[in-house]
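Residue-level listing of the chains:
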Amino acid sequence: AKGAPEILLASCAAEQTPAGPMPLDAPARARILEAARRMAGDALRVLAVATRRDATPESAERDLTLLGLVGMSDPPRAEAQAAIETCERAGIRVLMITGDHPLTAEAIARELGLLKGGRVVTGADLRNLDDAALEREVTNIDVYARVSPADKMRVVEALQRLGHVVAMTGDGVNDAPALKKADIGVAMGLTGTDVAREAAGMTLADDNFAS
C-alpha cells in the first residue's frame, strides 16, 4: 500500500526495522510524521509505503507494517515562473490547488513566486468553512493542499460567485468536475486522462503552463 503518510500511518500497527517489525507507539508515529514534514518542507512529494502479509480484501487496510517514506522531486518547469509573472502582468491571479502535502505545496509555491502574502489552506480547513465564510476568505488564499474533487469545485464556485472568470487546469479524473464547472477548463494532452480532456474546453498539447 502507498499513500499520504498521515493517512497510511493510521492504518499501520508496526514499522519495519533492521531487527524486524516493531510495534508503532505514539513517539514512533510522531517521529515518522516529523520526518515526512521535513521532506515535504524540502519540496519533496512524500509517500508512505506499507505492507501486510496474507492480506485479504477485508483486512488489507488495517494492521499494516510501515516500510518507509519515499520522497520524490518533481520540480516546476523552468519557464513556469516567467509564465506566472506574465499572467500577473495581464491581471490574471494564479492559484495552486494540489493534493500534495501543504509543506510541499508551500515550498513549490514560494519557488514559483506564487505566495504573495496569502494563506496556504488544506481541504480539511475548507471543510470547516461554510460557503459564506469561503467567499470571504477565498481572495486571501494562494495555495490549496490535500484537496478533494469536491474542494476544487467549491473553490471554483466561490470565485465565480464573486464575479471572477475562472480558468482551471487539470489532468486527472478527479479534476474533471472542476474542469467542467470552470469558465475555461484546460486539460493536459500528454498526461491527461480521457475524462479530463472531455470535461475541458481546451487541451494543452505539451502539458506546459507557459503555453
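Above this note sits the structure.
Report follows, based on the coordinates.

**Structural notes on the pattern of salt bridges**
In this structure the tally under the stated criterion is 15 salt bridges. Put simply, aspartate 63 and arginine 52 hold a salt bridge, and the shortest N to O gap is 4.0 Å. Here arginine 52 lies in the loop between strand E4 (44-51) and strand E5 (64-73) and aspartate 63 lies in the loop between E4 and E5, a separation of 11 residues in the sequence. Classification of arginine 52 as partly exposed rests on a relative accessible area of 28%. When the shortest N-O distance is used, the salt bridge between aspartate 131 and arginine 154 registers 3.0 Å. You can see aspartate 131 sitting in helix H6 (residues 131-137) and its partner arginine 154 sitting in helix H7 (residues 149-161), a full 23 residues away along the chain.

**A look at the nonpolar core**
Counting 21 residues, the largest nonpolar core has Leu126, Val138, Tyr144, Val155, Val156 and Met168 as the members making the most contacts within it. Only strand E8 (141-145), H7, helix H8 (176-181) and helix H9 (194-199) provide two or more residues apiece to this core. The dominant element in this core, judged by the number of residues it contributes, is H7, at four residues. Ignoring any residue separated from it by four or fewer positions in sequence, one finds leucine 126 in contact with Val121, Leu134, Tyr144, Asp151, Arg154 and Val155.

**Structural notes on helix H2 (residues 26-41)**
With 16 residues, H2 extends 22 Å from end C-alpha to end C-alpha; this agrees with the ideal 22 Å at 1.5 Å per step. For H2, the set of buried residues is Ala28, Ile32, Ala35, Ala36, Met39 and Ala40. Buried residues of H2 fall within an arc of 140 degrees about the axis and therefore sit on the same side. Structural note: H2 exposes Ala26 and Pro27 on the side pointing more than 90 degrees away from its buried face. The inward-facing, buried residues of H2 abut helix H1 (5-8), strand E2 (12-17), E4, E5 and helix H4 (102-112).

Analysis parameters
- Each chain has its residues counted from 1, running along the sequence as written.
- Residues qualify for local features only when their pLDDT is at least 70, as the model is predicted, and side-chain atom pairs are given and counted only at 80 or more; totals for whole chains, interfaces and linings, by contrast, use all residues.
- Side-chain metrics in this entry use all non-hydrogen atoms of the structure; hydrogen atoms and water are not considered.
- We define a salt bridge as a side-chain nitrogen of Lys or Arg found within 4 Å of a carboxyl oxygen belonging to Asp or Glu.
- Think of it this way: any DSSP run of H or I at least four residues long counts as a helix, any run of E at least two long counts as a strand, and we number them from the N terminus.
- Three exposure classes are used, based on accessible area relative to the maximum for each residue type with a 1.4 Å probe and protein chains only: buried under 20%, partly exposed in between, and exposed over 50%.
- Only buried Ala, Val, Leu, Ile, Met, Phe, Trp, Tyr and Cys residues count toward a nonpolar core, and they belong to the same one when joined by side-chain atoms within 4.5 Å.
- The contact definition used throughout considers only heavy atoms, calling two residues in contact when any of these lie within 4.5 Å.
- In a helix, the anticipated span is given by 1.5 Å times the number of residues less one.
- Directions drawn from the helix axis to the C-beta atoms are what define this arc.

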